[in-house]
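# Summary of the model geometry
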Amino acid sequence: MQQINHFIDGAFSPSDSGKRFDKRSPVDNTLIASIAEAGRTDVDRAVAAAKRALNGEWGGLTTEQRVDLLYGVADEITRRFDDFVEAEMADTGQPHHVMTHAFIPRGAANFKVFADVIKNVPAESFQMATPDGRGALNYALRVPKGVIGVISPWNAPFLLMTWKVGPALACGNTVVVKPSEETPLTTTLLGEVMNSVGIPKGVYNVVHGFGPDSAGEYLTQNLDVDAITFTGETRTGTAIMKAAAEGTRDVSFEMGGKNAGIVFADADFDAAVDGIFRSAFLNSGQVCLGTEKVYVERPIFERFVDALKQKAEAVKYGRPTDSDSNYGPLISREHQNKVLSYYQKAKDEGATIVTGGGIPDMPAELAEGNWIEPTIWTGLPETASVVKEEIFGPCCHIAPFDTEEEVIAKTNDNQYGLSTTIWTTNLSCAHRMAAKIDVGVTWVNSWFLRDLRTPFGGANQSGIGREGGVHSLEFYTEMRNVCIKL
Ligand SMILES: NC(=O)c1ccc[n+]([C@@H]2O[C@H](COP(=O)([O-])OP(=O)(O)OC[C@H]3O[C@@H](n4cnc5c(N)ncnc54)[C@H](O)[C@@H]3O)[C@@H](O)[C@H]2O)c1
Ligand SMILES: O=C/C=C/C=C(\O)C(=O)O
């Protein structure tokens, strides 16, 4: 069984207290690793190492030298691609093709895109007139914020962690990362990459543990952490924001969503079925951008429901590396019970269960895994729990609509504002809709198609700030203005 330790100041080490916790496979609940659980002293040691690195070799590097190192990180991730795929499959139980096609390639990409950004971002200056006629010159210096606390979730652990570490390091910061207790493996493996590439010790640090009264909270409470970037549940963000208020630290949040999929009668029907199927059931529905409420224009409603039902009933449960497996388990028993509670709520509220609603019959060797059926409901009002609340599982409610105004109102009627996917061949309609839907990202005839230079983030309770391309500079750097009297 793997022994996973913290990565602090360039070295792997257990907790001062010796405390550890178990990591179990989502596929069959077998014990796969023992993880060091950080106490406050371990977290403080990591933050101190990050602070030293800022004022050491790393802080003295030119942008070009830093960029070369980050391209080196990307190349080493690519060279060890299969190791990251293996680690993430062990952590999440998700199919091999989800790792190789959706999540792990973003590791290298998330370093490259921000190395490119920081290498090419222009400096800002203004010439100003002065009463004596000799004028003055203003220019802005872009400097790193300092030590960044990175707190990441379990659903796409490597993608989401590197989406923060990439820009943080590109901008000259150092980081202390607290990955989810459910998925420690790829974040830890990245420590090996940092050492082999020659990233100075203390630049990248990893502490393992939980949230409240554990590593996560200790990290946010350490006042030598200059800013905190977090991805996870909205209620967790609230707790982190309260901690960040001490010391007036900046935050960047990517949080929950209750995303709509909207299908017009003029859509490419097969493409829309495939797109909504992916957005509802990829990663067993454990994607923040996923679709949990679908609205289909009435003329094709019945046909669409039946087509989506057929695809949902054709999934192949199995181990990540089973050749025909295309559908994995939920991350944990706790999360499986949470999603099952929503399946029960839907029943209690009178839903028509088109398909699913429970736990599939699994072969004996997998029976202990966190398996759950992809589920489709119809017939509920907009006020139903499964239509209003984020479930974060493989399920969606489908309702008919008749007008653009109606479906926009229903799409916007929730506390979140993360993403929407619209399927129509009428692009005038698509542009009209996208302008009126209150989310951070709208996909048209696509879903989860990502240009990493674009602003990415959520509105309302789905997030604070935007990350992506030059937009990440806003959070990971400070600007200093210099005014010189000529
Ligand atoms: N908007 C996005 O881009 C995005 C992406 C992925 C997941 N999510 C959201 O994340 C949630 C699922 O992920 P999760 O269950 O890991 O979320 P979570 O909020 O339970 O945990 C996320 C991370 O925060 C840590 N944490 C928990 N409480 C903390 C505290 N008080 N102080 C400091 N750290 C704390 C956890 O240990 C974990 O590392 C869903 O709501 C999903 O919508 C959003
Ligand atoms: O589950 C949520 C996925 C978030 C994806 C990103 O943050 C991204 O594509 O950069």
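Keep in mind that what you see is a predicted model, and the values were worked out from it rather than measured. (Residues numbered from 1 in each chain as written. Chains lettered and ligands numbered in written order. Predicted model: local features only at pLDDT ≥ 70, side-chain atom pairs only at ≥ 80, totals over all residues. Heavy atoms only, no water.)

Surveying the vicinity of ligand 2 reveals the residues R106, N155, L159, L160, W163, V287, C288, L289, F448, R450 and F456. A distance of 2.7 Å separates an oxygen atom of ligand 2 from a polar side-chain atom of R106. Note that an oxygen atom of ligand 2 is positioned 2.7 Å from one of the side-chain N or O atoms of R450. Coverage of ligand 2 by the protein amounts to 98% of the 310 Å² it exposes when considered alone. (Near = heavy atom within 4 Å. Polar contact = N/O pair within 3.5 Å; in protein donor to acceptor, adjacent residues only side chain to side chain. Areas by Shrake-Rupley, 256 points an atom, 1.4 Å probe, with all protein chains shown as cover.)

Here we take up unusual backbone geometry. Its identity is not glycine, yet S284 carries a phi of approximately 55°, on the positive side. By secondary structure assignment, the location of S284 is in the loop between α11 (269-281) and β14 (291-297). Despite not being glycine, F448 shows a phi value in the positive range, around 60°. Checked against the element boundaries, F448 lands in the loop between β19 (441-444) and β20 (463-464). (Helix = DSSP H or I, 4+ residues; strand = E, 2+ residues; numbered from the N terminus.)

Another aspect to go through is the nonpolar core. As a rule of thumb, soluble globular proteins bury nonpolar side chains together. Within the largest apolar cluster, 67 residues are counted, with the highest numbers of intra-cluster contacts made by F111, L190 and Y204. With nine residues, the single largest contributor to this core is helix α7 (residues 157-170). Here this core spans two domains, since at least three of its residues come from each of domain 1 (2-256 + 461-485) and domain 2 (259-415 + 419-451). If we ignore the near neighbours within four places in the chain, the residues touching L190 are V73, I77, F84, F111, F158, M161, T162 and Y204. (Core = buried A, V, L, I, M, F, W, Y, C linked by side-chain atoms within 4.5 Å. Buried < 20%, exposed > 50% of the residue type's maximum accessible area, 1.4 Å probe, protein only. Domains from an automatic or database assignment. Contact = heavy atoms within 4.5 Å.)

Right, let's get into the UniProt feature "active site" (unreviewed entry) in the chain. What UniProt calls "active site" (unreviewed entry) maps, in this numbering, to E254. Its location among the elements puts E254 in strand β12 (residues 250-254). Since its relative accessible area comes to 7%, E254 is described here as buried. (UniProt positions renumbered as here; feature names shortened; annotations may be inferred.)

The environment of ligand 1 is made up of 30 residues, and the closest members are W154, K178, T236, M255 and E390. For ligand 1, an oxygen atom lies 2.7 Å from a polar atom in the side chain of W154. Within the backbone of G232, one N or O atom sits 3.4 Å away from an oxygen atom of ligand 1. Elements with a minimum of two residues in the shell around ligand 1: α9 (215-221), β11 (227-231) and α10 (234-245). Per-class residue counts for the shell around ligand 1 are 15 nonpolar, nine polar and six charged. Mapping the shell around ligand 1 onto the domain boundaries places at least three of its residues in each of domain 1 (2-256 + 461-485) and domain 2 (259-415 + 419-451). (Nonpolar A, V, L, I, M, F, W, Y, C, P; charged D, E, K, R; others polar.)

For helix α3 (residues 63-79), built from 17 residues, the straight-helix expectation of 24 Å at 1.5 Å per residue is met to within 8% by its first-to-last C-alpha distance of 24 Å. If you check which residues of α3 are buried, you get R66, V67, L69, L70, G72, V73, A74, E76 and I77. The secondary structure elements touched by the buried residues of α3 are α2 (57-60), α4 (81-92), α6 (105-120), α7 and α8 (185-197). (Expected span 1.5 Å × (residues − 1).)

So, on to the pattern of salt bridges. The tally for this structure, following the rule as stated, stands at 25 salt bridges. The salt bridge involving D274 is made with K311; its shortest N-O contact spans 3.1 Å. In this pair, D274 sits in helix α11 while K311 sits in helix α12 (residues 301-312), placing the two residues 37 residues apart along the sequence. Note that D413 and K388 form a salt bridge whose closest N and O atoms lie 3.1 Å from each other. A residue pair is termed long-range when its members are at least 10 positions apart, and D413 in the loop between α15 (404-412) and β18 (419-423) and K388 in helix α14 (residues 385-388) qualify at 25 residues. For K388, a relative accessible area of 25% puts it in the partly exposed group. In this structure, a network of salt bridges that share partners links the residues D16, D42 and R45. (Salt bridge = Lys/Arg side-chain N within 4 Å of Asp/Glu carboxyl O.)

Now for the packing of aromatic side chains. Using the criterion set out here, one finds 16 aromatic pairs in the structure. Plain terms: the ring middles of Y317 and Y327 are 5.2 Å apart, the flat faces sit at 85° to each other, and that makes the pair edge-to-face. A residue pair is termed long-range when its members are at least 10 positions apart, and Y317 in the loop between α12 and α13 (333-348) and Y327 in the loop between α12 and α13 qualify at 10 residues. Taking the relative accessible area as the measure of exposure, Y317 reaches 26% and is therefore partly exposed. Judged by relative accessible area, Y327 falls into the buried class, the value being 2%. (Phe/Tyr/Trp six-rings, centres within 6.5 Å; stacked < 30°, edge-to-face > 60°.)

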